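# Overview (structure and organization)
One letter stands for each residue in the lines below.
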Amino acid sequence: MSVRIKTPNLDEIFEKWKQKAVRTDKKKMEKQFGTKGAVFSLDAVSAAEYVKDTMKEAAIYFAVKKSLGPAPKGKEENLVLAPKVSREQYYSFKGAGNINKENWKSNDMVPHYESIQAVPCKNCKGKGYMENKCKTCKGTGKIEETLTVLVGEEQKKEKKIFSYPCGACYGTGNRQEPCKECGGHKNMYKYEVLPVPFKTVITGVPILHSSAQTRYEKQIGDDLHKMIEDVEGIRFSDFKELESKVEPSLGYMNKNISKTVGAARSDYRTYEKDKDAQITSQIYLFPMIQMFCETKRGSKFEIYSLGSGNKFMIYSNF
Ligand SMILES: [Zn+2]
Ligand SMILES: [Zn+2]
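## Digging into the overall build of the protein
Helix and strand content of the protein: six helices and 15 strands. The globule rule puts the C-alpha radius of gyration for 318 residues at 20 Å, and the 40 Å found for the protein is more than 25% above it. Each principal axis of the C-alpha distribution contributes one length, and for the protein these read about 135 × 60 × 40 Å. The buried share of the protein, reckoned over its 318 residues, is 21%. The contacts in the protein between residues at least 6 apart in sequence include a share of 76% that link residues at least 24 apart.

The following block contains the structure:
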């Protein structure tokens, strides 16, 4: 035996929306529904006049507890030239305690500032330069030139060696050239890409599937998570039961609802298999009414209801 749930009627939904809308922005209501020269009255704003179309849809909800384990283990090391160190974005968790994964907006593995470390260049043994034989003097430290000297009255040609210190190596015979490996900076620099130190926390996650495909899925899920008692749906303890009773419970059915049930079921199965997850609620089936409205001024908007005629919530993009 299944119990058919009573869906809220259009006037009830519209009334609830109207009261909420006028509390939120009375001026906007007057502008969109008022008549020039007449005193604005909410009573004159009726579903019959402004609701152009409606659709009967459904939503499925359940809650899951998920443990957020530590980030993937491991580390990656990068070795870079000194001027490239500043091109990386570093993170520091020193004294910051553990991080809540839900609030974290970057990768799970990030370069850690504290891991930056100088590594003496292997090529030049940390000197920054290489010592090579001077090319100008071939390592001798001196330049030798031959002078032709004219000797005596006969001016007899005689060769003499004239030697002076090499200007390229200051007479040392060696020249220092910046090391090609470290660019003369003596060191290479190492930093580590490490996991963010996440807290291991258990969080509650609302899972919502709705056939109305509204932009409020996330909000509806969050609301249900907080106030499941404020809205009435039909509860099931397993999906098989739900699947067999969707239509008799709602009193209607459509293709989108079937698809939604299918998507919710495969999601449910995934959580059942997930070692880090635990389904913590029953499965709720809610009727959803989607109302397409148009104001006196021609602005279009939608109102959604979620829940039974006894207890329902509304959403609108008015
Ligand atoms: Zn070097
Ligand atoms: Zn030289």
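That covers the picture; the talk isn't over yet.
## Some remarks on the domain arrangement of the protein
When cut into domains, the protein gives domain 1 (10-68 + 201-316), domain 2 (76-122 + 182-195) and domain 3 (129-178). Summarising the inter-unit geometry, the C-alpha centres of domain 1 and domain 3 are found 95 Å apart.

## Quick look at the nonpolar core
In this structure, Ala59, Tyr61, Leu285 and Phe286 are the most contacted members of the largest nonpolar core, which totals 39 residues. When neighbours within four sequence positions are excluded, Ala59 is seen to be in contact with Leu208, His209, Ser210, Ile220, Phe286, Met288 and Leu306. The next biggest cluster of nonpolar side chains, apart from the first, holds five residues, and it includes Cys121, Cys179, Cys182 and Met188.

## A word on the pairing of strand β9 (residues 187-195)
Successive side chains on a regular strand alternate, one facing one side of the sheet and the next facing the other. Sheet analysis places strand β2 (residues 76-81) next to β9, joined by six bridges and oriented antiparallel. Along β9, the bridge assignment pairs Glu77 with Glu192. Relative to β9, strand β3 (residues 109-111) runs antiparallel, the two being bridged by three bridges. Note on β9: the bridge partner recorded for Val110 is Leu194.

## A few points about the packing of helix α5 (residues 239-250) against helix α6 (residues 255-273)
Where α5 meets α6, the closest approach of the two axes is 11 Å, and the angle between their N-to-C directions is 175°. Considering the angle they form, α5 stands roughly antiparallel to α6. On α6, the residues touching Phe239, Glu243 and Val246 of α5 are Ile257, Val261, Arg265 and Tyr268. Looking at side-chain class alone, the contact of α5 with α6 contains five nonpolar, no polar and two charged residues.

## Things to note about the pairing of strand β7 (residues 156-165)
For β7, a buried count of zero out of ten residues is recorded, marking the element as mostly open to its surroundings. Where strand β6 (residues 142-151) and β7 come together, ten bridges link them in antiparallel fashion. Looking at the pairing, Glu144 lines up with Ser163 of β7. What sits between the antiparallel neighbours β6 and β7 is a turn of four residues, in which Gly152 has the positive phi angle 70°.

## Comments concerning the environment of Thr280
When you line up the elements, Thr280 lands in the loop between β12 (277-279) and β13 (283-294). A sequence separation of 74 residues divides Thr280 from Pro206, and the C-alpha atoms of the two residues are 9.9 Å apart. Excluding anything up to four places from it in sequence, Thr280 contacts Ala63, Val64, Lys65 and Gly204.

## Focus on the environment of Asn132
With respect to the helices, strands and loops of the structure, Asn132 is situated in strand β5 (residues 129-133). The exposed category is assigned to Asn132, around which 12 C-beta atoms lie within 10 Å. Between the C-alpha atom of Asn132 and that of Thr172, which follows or precedes it by 40 residues, the distance is 11 Å.

## Quick notes on α6
Along an α-helix, residues three or four positions apart point the same way, because every turn accommodates 3.6 residues. For α6, built from 19 residues, the straight-helix expectation of 27 Å at 1.5 Å per residue is met to within 8% by its first-to-last C-alpha distance of 28 Å. Restricting attention to buried positions, one finds in α6 the residues Ile257, Thr260, Ala264 and Tyr268. Viewed along the axis of α6, the buried residues span an arc of 70°, placing them on a single side of the element. Away from its buried face, by an angle of more than 90 degrees, α6 presents the exposed residues Lys255, Gly262, Ser266, Arg269, Thr270 and Lys273.

## Thoughts on α5
Over its twelve residues, α5 runs 16 Å from end to end, which matches the ideal 16 Å to within 8%, given 1.5 Å per residue. Among all positions of α5, only Leu242, Val246 and Leu250 are buried. Projection of α5 onto a plane perpendicular to its axis shows the buried side chains occupying an angular sector of 60°, all on one side. Turned more than 90 degrees away from the buried face of α5, the exposed residues are Lys240, Glu241 and Ser244. At the C-terminal side of α5, Gly251 shows a positive phi close to 85°.

Thresholds, definitions, all that
- Residues numbered from 1 in each chain as written.
- Chains lettered and ligands numbered in written order.
- Predicted model: local features only at pLDDT ≥ 70, side-chain atom pairs only at ≥ 80, totals over all residues.
- Helix = DSSP H or I, 4+ residues; strand = E, 2+ residues; numbered from the N terminus.
- Rg over C-alpha atoms; globule rule 2.2 N^0.38 Å.
- Buried ≥ 20, exposed ≤ 12 C-beta atoms within 10 Å, placed from the backbone.
- Contact = placed C-beta atoms within 7 Å.
- Domains from an automatic or database assignment.
- Core = buried A, V, L, I, M, F, W, Y, C linked by C-beta atoms within 7 Å.
- Pairing = 2+ DSSP bridges.
- Axes fitted to C-alpha atoms, helices over the stretch in contact; angles between N-to-C directions.
- Parallel < 35°, antiparallel > 145°, perpendicular 65-115°, else oblique.
- Nonpolar A, V, L, I, M, F, W, Y, C, P; charged D, E, K, R; others polar.
- Expected span 1.5 Å × (residues − 1).
- Arc of directions from axis to C-beta.

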